[in-house]
Amino acid sequence: MSDGESGGRGGFRTDLGFVLAAAGSAVGLGNIWKFPYITGEYGGGAFVLIYLACIALVGLPLLYAEMIIGRRGGKDVLDSMSALTAHAGTPGKLATWGVGLLAVGSGLFILSFYAVVAGWAVHFVAISVGLAAADASGSEATFTALAGNGGLSAWWHTIFMGLVVFVVAGGVQSGIERACKILMPALMTILLILLAYVGITGGLGASLAFLFRPDFSKVSGEAILEALGHAFFTLSLGMGAMVTYGSYLQSDRHVVRDQLAVAFLDTAIALVAGLVIFAVVFSMGAEPGAGPGLVFITLPDLFARIPGGAFVALAFFVLLVVAAWSSGISLLEVVVALGIDRFGWSRRTAAIGIGVLIWALGLPSAFSGEFLDFMDNLTTRYMLPIGGFLIALSAGWLLGKEDREAGFTALPGGGAILAVGWTFTIRFVTPALVLLVILNGLGLF
Ligand code: PFF
């Protein structure tokens, strides 16, 4: 077994380490910031059901596809794809380069704005421990003073990028695996403490009803497409993050089990975060449909009024930073792996060099909310779905049967039926659904 850092390109030391790192990538701002607010906007329970269906039909098949491409290809996204299509003797050049370029572009662009939003969360941690001042006129003013202050946003963005580069430069085992083995249990512990808190202080019943009692009158075509798009973002799909992490796996044996664990953790954490947030919202008689400001404006406002609110605020924003940190790590790692595998850079040079580039790309987002939204839309609505579309088609049609089905073949009993079901889904169902997301992004519906 390779020991990860010395010689070779490294790999995860344990299977649990892989699951925690991949779940760390998946669980991020998407779960704790975005999922609750879009669920609030689209009316709760029915949206949650649609979202779960999207995870099953698009998320799971693509998650397996990405992990198996990385595991069997054994390199960064671009080189894994080209090795596997060469192995199968299929004409994969266009798809390989398409996926590779989109992956690098998405890694750079997403992390550039993601780090700005994560930086805001770091600022709220600083406020919670009294290191930074909140605006006396309330939480809306506090957030506006932060988001509207480019220098201050850029400062926290810089701190967050430093945290991400620090871990990635440390290597797969000593950096990423070690960090995620601490960060993920910490995240789950904080979330459970918060859940216990709302369980005691109230609001949980209303929150449960909101999330799990579907009201289908609220379902619209737009809600379905939003849920589908979010399934991508939340599972880190469409840009090779899971390909890259899969390439650090030592065997095919647990790919199927691991991908189920990652999807389960991601979904469970989003739901529990939603439960906690809406419990606070309902217990204080606030509105669930507050939009993107839910976490940065509505919640701080409520935290200021609930018993033990300062402590709850601190726990919540540490949770947000931890979640964003382990996701940021995977975003940087996609590009760093490519620098190492394709260009032969040292890990440290790649992590610092690419980190500085992303930091610079993030400055316009720190100074302009419109630019941040533009980057968010460009990547979430177009780049990730197009990347996912190409990955689904490549996995379904360009890979050899042996590589494609390796995770299923490794199951006790040979997994033949699962392999047939997956192959059909990834060839036809997933690409068709993803195409819908893309066409919707282009405004064709
Ligand atoms: N999955 C992350 C979230 O839900 O916040 C975002 C993300 C991370 C997207 C890594 C893509 C990626 F490669």
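Residue numbers here run from 1 along each chain, matching the order of that chain's written sequence. The predicted nature of this model means local features are confined to residues of pLDDT at least 70 and side-chain atom pairs, given and counted, to a pLDDT of 80 or more, with totals for whole chains, interfaces and linings taken over all residues. With hydrogens and water set aside, each side-chain value is computed from the structure's full complement of heavy atoms.

## What to know about the overall build of the protein
Here comes step 1: Numbering goes from the N terminus for both helices and strands, where a helix is a DSSP run of H or I of at least four residues and a strand is a run of E of at least two. Summing up its helical and strand segments, the protein has 19 helices and zero strands in all.
Here comes step 2: Radius of gyration: over C-alpha atoms. The globule rule applied is 2.2 Å multiplied by the number of residues raised to the 0.38 power. Over its C-alpha trace the protein gives a radius of gyration of 21 Å, about what one expects of a compact globule, namely 22 Å for 445 residues.
Here comes step 3: A principal-axis box enclosing the C-alpha atoms of the protein has dimensions of 65 × 50 × 40 Å.
Here comes step 4: The buried label applies to any residue whose accessible area, calculated with a 1.4 Å probe on protein chains only, is under 20% of its type's maximum; exposed applies above 50%, and partly exposed to all values in between. By the burial criterion, 59% of the 445 residues in the protein qualify as buried.
Here comes step 5: Residue contacts follow a heavy-atom distance rule, with two residues in contact if any of their heavy atoms lie within 4.5 Å. A fraction of 81% describes how many contacts in the protein between residues 6 or more apart in sequence connect residues 24 or more apart.
Here comes step 6: Summed over its atoms, the accessible surface of the protein is roughly 16,400 Å², and 69% of this surface lies on carbon and sulfur atoms.
Here comes step 7: Charge convention: Lys and Arg are scored as positive, Asp and Glu as negative, and His as well as the terminal groups of each chain are ignored. To locate a charge, the coordinates of NZ of Lys, CZ of Arg, CG of Asp or CD of Glu are taken. Both charge centroids of the protein, one from 21 positive and one from 26 negative side chains, sit 9 Å from each other. Calculation of accessible area relied on Shrake-Rupley with a 1.4 Å probe; when residues are assessed, cover is drawn exclusively from the protein chains displayed.

## Quick look at the packing of aromatic side chains
Here comes step 1: Each Phe, Tyr or Trp ring, with Trp reduced to its six-membered ring, pairs with another whose centre is within 6.5 Å; inter-plane angles below 30 degrees give stacked pairs, above 60 give edge-to-face pairs, and intermediate values give tilted ones. This model, assessed by the stated rule, comprises 27 aromatic pairs.
Here comes step 2: Ring centres of Phe35 and Tyr51 lie 4.9 Å apart, and the angle between their planes is 40°; on these two criteria the pair is classed as tilted. With Phe35 in helix 2 (residues 29-41) and Tyr51 in helix 3 (residues 45-73), this residue pair connects regions lying 16 residues apart in the sequence.
Here comes step 3: Taken together, a centroid distance of 5.2 Å and an interplanar angle of 45° make the contact between Phe424 and Phe428 tilted. Here Phe428 and Phe424 lie together in helix 19 (residues 416-441), a separation of four residues that amounts to about one turn.
Here comes step 4: With a relative accessible area of 49%, Phe424 lands in the partly exposed category.
Here comes step 5: Comment: the charge-over-ring label is applied if NZ (Lys) or CZ (Arg) is within 6 Å of the ring centre and within 35 degrees of the ring normal. Its end group placed over the ring of Phe233, Lys34 keeps NZ or CZ at 5.6 Å from the ring centre.
Here comes step 6: A cation over an aromatic ring shows up here: Arg427 above the ring of Trp397, its NZ or CZ 4.3 Å from the ring centre.

## Topic: helix 16 (residues 369-398)
Here comes step 1: Expected helix span is taken as 1.5 Å per residue step, with the number of steps being one fewer than the number of residues. Relative to the 44 Å expected for 30 residues at 1.5 Å per residue, helix 16 spans 40 Å between its end C-alpha atoms, a close match to the ideal helical length.
Here comes step 2: Here the bend at a residue is taken as the angle between two axes, fitted respectively to the seven residues that end there and the seven that start there. Its maximal kink placed at Thr379, helix 16 deviates by approximately 35°.

## Quick word on the nonpolar core
Here comes step 1: For our purposes a nonpolar core is just a set of buried Ala, Val, Leu, Ile, Met, Phe, Trp, Tyr and Cys residues, chained together by side-chain atoms within 4.5 Å. By size, the foremost hydrophobic cluster in this structure holds 160 residues, and its most contacted members are Phe296, Phe316 and Leu320.
Here comes step 2: Sequence-distant contacts of Phe316, that is, excluding residues within four places in its chain, are made with Ile32, Leu194, Ile277, Val295, Leu299 and Phe303.

## Side note on the site of the ligand
Here comes step 1: Summary of the distance rule: residues count as near a molecule or strand when at least one heavy atom falls within 4 Å of that molecule or strand. Close to the ligand lie 15 residues, the nearest being Ala26, Gly30, Tyr114, Phe233 and Met239.
Here comes step 2: When the ligand sits alone it has 340 Å² of accessible area, and the protein chains cover 100% of it.
Here comes step 3: Grid points spaced at 1 Å over the protein atoms alone were grouped into cavities, where a 1.4 Å probe fits but cannot get out, and pockets, open sets with protein on both sides within 12 Å along at least five of seven lines, with lining residues defined by an atom within 4 Å of a point. Assignment of a molecule to a cavity or pocket requires that more than half of its atoms lie within 2 Å of the corresponding grid points. A majority-of-atoms criterion places the ligand in the largest cavity.
Here comes step 4: Those elements that provide at least two residues to the shell around the ligand are helix 1 (15-26), helix 2, helix 10 (221-234) and helix 14 (309-343).
Here comes step 5: Residue composition of the shell around the ligand, grouped by class: seven nonpolar, eight polar and no charged. Three classes are used, and their members are as follows: Ala, Val, Leu, Ile, Met, Phe, Trp, Tyr, Cys and Pro are nonpolar, Asp, Glu, Lys and Arg are charged, and the others, Gly among them, are polar.

## Considerations on the environment of Gly24
Here comes step 1: Its location among the elements puts Gly24 in helix 1.
Here comes step 2: With near-sequence residues (within four places) excluded, Gly24 lies in contact with Met184, Ala323, Ser326 and Ser327.

## What about the side chain of Glu177?
Here comes step 1: Position of Glu177 among the secondary structure elements: in helix 8 (residues 172-201).
Here comes step 2: Not counting residues within four places of it along the chain, the set of residues in contact with Glu177 comprises Gly11, Phe12, Arg13, Thr14, Gly17 and Val172.

## Digging into the packing of helix 3 against helix 10
Describing two packed helices takes the angle between their axes plus the distance from one axis to the other.
Here comes step 1: Interhelical geometry of helix 3 versus helix 10 gives an angle of 45° and a closest axis separation of 8 Å. With respect to each other, helix 3 and helix 10 are oriented oblique. Considering the relative orientation of helix 3 and helix 10, their crossing is right-handed. In this structure, helix 3 uses Phe47, Ile50, Tyr51, Cys54, Ile55, Val58 and Leu62 to contact helix 10, whose residues at the interface are Ala223, Ile224, Glu226, Ala227, Leu228, His230, Ala231, Phe232 and Thr234.
Here comes step 2: Across the contact of helix 3 with helix 10, the residue classes tally to 13 nonpolar, two polar and one charged. Only the contacting stretch of a helix is used when fitting its axis, a line to C-alpha atoms as for every element, and angles between N-to-C directions run 0 to 180 degrees. Our angle categories are set so that under 35 degrees counts as roughly parallel, over 145 as roughly antiparallel, 65 to 115 as roughly perpendicular, and the remainder as oblique. Left-handed describes a crossing in which the near helix is turned anticlockwise from the far one by less than a right angle; the clockwise case is right-handed.

## Side note on helix 10
Here comes step 1: The end-to-end C-alpha distance of helix 10, which contains 14 residues, comes to 20 Å, matching closely the 20 Å that a straight helix rising 1.5 Å per residue would cover.
Here comes step 2: In terms of burial, helix 10 is largely enclosed, as 10 of its 14 residues are buried.
Here comes step 3: Along helix 10, the residues that are buried comprise Ala223, Leu225, Ala227, Leu228, Gly229, His230, Ala231, Phe232, Phe233 and Thr234.
Here comes step 4: Following helix 10 by one or two positions, Ser236 has its phi on the positive side, about 60°.

## Some details on the side chain of Arg71
Here comes step 1: Following the sequence through the fold, Arg71 ends up in helix 3.
Here comes step 2: Polar contacts, as used here, are pairs of N or O atoms within 3.5 Å; protein pairs need one atom able to donate a hydrogen and one able to accept it. Residues neighboring in sequence count only if both atoms are side-chain atoms. One polar contact links the side chain of Arg71 to the main-chain carbonyl oxygen of Ser251, over a distance of 3.4 Å.
Here comes step 3: For Arg71, the residues in contact, after removing those within four places along its chain, are Gly246, Ser247, Leu249, Gln250, Ser251, Asp252 and Val255.

## Re the confidence of the model for the protein
Do not read the fine detail of predicted coordinates wherever pLDDT is low.
Here comes step 1: One confidence number per residue, pLDDT, is output by the predictor and ranges from 0 to 100. Summing up the model confidence of the protein, the mean pLDDT is 93 and the portion of residues at 70 or higher is 98%.
Here comes step 2: Taken together, the stretch residues 1-7 has pLDDT below 50 and engages in 16 contacts with residues farther than four places along the chain or on a different chain.

## Here's the deal with a nonpolar patch on the surface
Here comes step 1: On the surface, Leu49, Leu52, Phe216, Val219 and Ile224 cluster together into a nonpolar patch covering about 400 Å² of accessible area.
Here comes step 2: The exposure class of Leu52 is partly exposed, given its relative accessible area of 31%. Patch members must show over 30% relative accessible area and no salt bridge, and they are joined within 9 Å when carrying like charges or within 5 Å when they are nonpolar side chains of Val, Leu, Ile, Met, Phe, Trp or Tyr. Note on definitions: salt bridges are taken to be side-chain nitrogens of Lys or Arg within 4 Å of carboxyl oxygens of Asp or Glu.

## A short note on the pattern of salt bridges
Here comes step 1: For the structure on display, the rule yields 13 salt bridges.
Here comes step 2: Between Arg257 and Asp15 there is a salt bridge whose closest N-O contact spans 2.5 Å. Linking Arg257 in helix 12 (residues 255-283) with Asp15 in helix 1, this pair joins segments that are 242 residues apart in sequence.
Here comes step 3: Between Asp301 and Arg305 there is a salt bridge, and its shortest N-O distance comes to 3.8 Å.
Here comes step 4: Looking at Asp301, the relative accessible area reads 34%, which means it is partly exposed.

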